[in-house]
Amino acid sequence: MQSPAEYADIAENLALVRAEIELARLRGAHSAAAVRLLAVSKTVEAPRVACAWGCGVDALAENKVQELLDKQGQLPPEARWHFIGHLQTNKVRQVFDKVELIHSLDSLRLAAEIEKRAAAAERVVHCLIEVNVAAEESKFGLSPAEVWDMLVELAGMPHIAVDGLMTVAPDAPAEEVRPVFAELRKLRNEMRARAEKNSFSNISMQELSMGMSNDYRIAVEEGATMVRVGSSIFGGRIYR
Ligand SMILES: *Cc1c(COP(=O)(O)O)cnc(C)c1O
């Protein structure tokens, strides 16, 4: 471990982000009782990721399977990991039992593969359904209108627990994305009510994963239960 001073930026950034989350939570009309802070560690070297974990984030989040596995091997075994990127079915086997939550369930085919692997391993895999609220061409995720049919299918997959919904908002000024977050919250509420009515016991629909560095404050005001923050914790990313 290098000298603590080398990592002082991470500790400071985290304290600031935590404070901003709490302020947003207190002022928001729709905010959740608690918000988990996920440190998005993609492209960040393991020692800096370890520092964030040591400073007390709720989980670390990666969007590529190989990078997640590499970094997992370099961090304390008790570190918790989430998978937030598009997941190819042929990579499910490598990752389904290595993460606490998969945020990016975006097709029936992927769900079927997760169910198959989880059943064989006799475990339950926790997932969020990714929703492309703004219908952007470049993004993965179901349209809001497709979510209910997906839930009906998932109700027959007992080794998948659907904890809620996730979205990646458009890259736009923060105030412009507020309606996107509000729509995801309303969709979560409606889907939760319908799932309850239908006694879908593996579908709890409590969670809302939304908000990144430039818009997490607004996401929290609109009800996020977890925010995925990268550059505001680790500094700007350098893509290789
Ligand atoms: C990279 C990424 C984030 C974090 O982005 P920042 O702008 O660095 O906070 C959040 N969610 C997903 C899905 C990502 O790929």
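Details of the structure are given in the entry above.
Along each chain, residues carry numbers from 1 onward, in the same order as the chain's sequence is written. With pLDDT at 70 or above as the cut-off, local features in this predicted model cover only qualifying residues; side-chain atom pairs require 80 or more to be listed or tallied, and sums for whole chains, interfaces and linings still use all residues. Note that the side-chain values use all heavy atoms of the structure and ignore hydrogens as well as water.

> Give me the lowdown on helix α5 (residues 108–120), citing residues and values where you can.
Strands here mean DSSP runs of E at least two residues long; helices mean DSSP runs of H or I at least four residues long; both are numbered from the N terminus. Expected helix span is taken as 1.5 Å per residue step, with the number of steps being one fewer than the number of residues. Counted at 1.5 Å a residue, the expected span for α5 with its 13 residues is 18 Å, and the 18 Å between its end C-alpha atoms agrees. Partly exposed describes any residue whose relative accessible area lies between the buried limit of under 20% and the exposed limit of over 50%, with all areas from a 1.4 Å probe on protein chains only and scaled to the type maximum. Residues of α5 that are buried include every one of Leu-110, Ala-111, Glu-113, Ile-114, Glu-115 and Ala-118, and no others. Looking at the packing, one finds that the buried side of α5 touches α4 (92–95), β4 (101–105), β5 (125–130), α6 (147–154) and β6 (160–166). Downstream of α5 by one or two residues, Glu-122 has phi in the positive range, about 55 degrees. When checking whether two residues touch, look at their non-hydrogen atoms; a contact exists if any pair is within 4.5 Å.

> I'd like a description of the environment of Asp-9, backed by residues and values.
Residue placement: Asp-9 occurs in helix α1 (residues 8–27). When the C-alpha positions of Asp-9 and Glu-146 are compared, they lie 42 Å apart, and in sequence the two are 137 residues distant.

> Lay out the side chain of Lys-71 with the relevant residues and their values.
Secondary-structure assignment places Lys-71 in helix α3 (residues 65–72). Owing to a relative accessible area of 6%, Lys-71 belongs among the buried residues under this scheme. Within the structure, Lys-71 has its side chain in polar contact with the side chain of Glu-67 (distance 2.7 Å). Those residues in contact with Lys-71 that sit more than four places away from it in its chain are Ser-41, Lys-42, Thr-43, Val-44, Ala-46, Val-49, Glu-62 and Trp-81. By the criterion applied in these results, polar contacts are pairs of N or O atoms within 3.5 Å in which, for protein atoms, one can donate a hydrogen and the other can accept it, and in which residues neighboring in sequence qualify only through two side-chain atoms.

> I'd like to hear about the pairing of β6, residue by residue, with values.
Along β6, seven of the seven residues are buried, which leaves the element largely enclosed by surrounding structure. We call two strands paired when DSSP finds no fewer than two bridges between them. Sheet topology places β5 next to β6; six bridges connect them, and they run parallel. The residue of β6 that forms the bridge with Glu-130 is Met-166. Clockwise travel from the first strand over the helix to the second, with the strands pointing away from the viewer, marks a crossover as right-handed. This β-α-β element, β5 to α6 to β6, shows right-handed connectivity. Alignment of β6 against strand β7 (residues 203–209), held across four bridges, turns out to be parallel. Paired with Leu-165 across the bridge in β7 is Leu-208. The parallel pair β6 and β7 is bridged by helix α7 (residues 178–197), and the resulting crossover is right-handed.

> Before we move on, can you summarise the packing of α1 against helix α2 (residues 46–54) with the specific residues and values?
A fitted line through C-alpha atoms represents every axis, and for helices the fit uses only the stretch in contact; the resulting angles, taken between N-to-C directions, go from 0 to 180 degrees. For the pair α1 and α2, the least separation of the axes is 9 Å and the interaxial angle reads 40 degrees. If you check the angle between α1 and α2, you find them oblique. The hand of the α1/α2 crossing is right-handed. Across from Asp-9, Ile-10 and Leu-14 in α1, the residues of α2 making contact are Arg-48, Cys-51 and Ala-52. Each residue receives one of three labels: charged for Asp, Glu, Lys and Arg, nonpolar for Ala, Val, Leu, Ile, Met, Phe, Trp, Tyr, Cys and Pro, and polar for the others, Gly being one of them. Taken together, the residues of the contact of α1 with α2 break down into four nonpolar, no polar and two charged. Note on terminology: angles under 35 degrees are roughly parallel, angles over 145 are roughly antiparallel, angles of 65 to 115 are roughly perpendicular, and the others are oblique. For a crossing to be left-handed, the near helix must be turned anticlockwise from the far one by less than a right angle; the clockwise case is right-handed.

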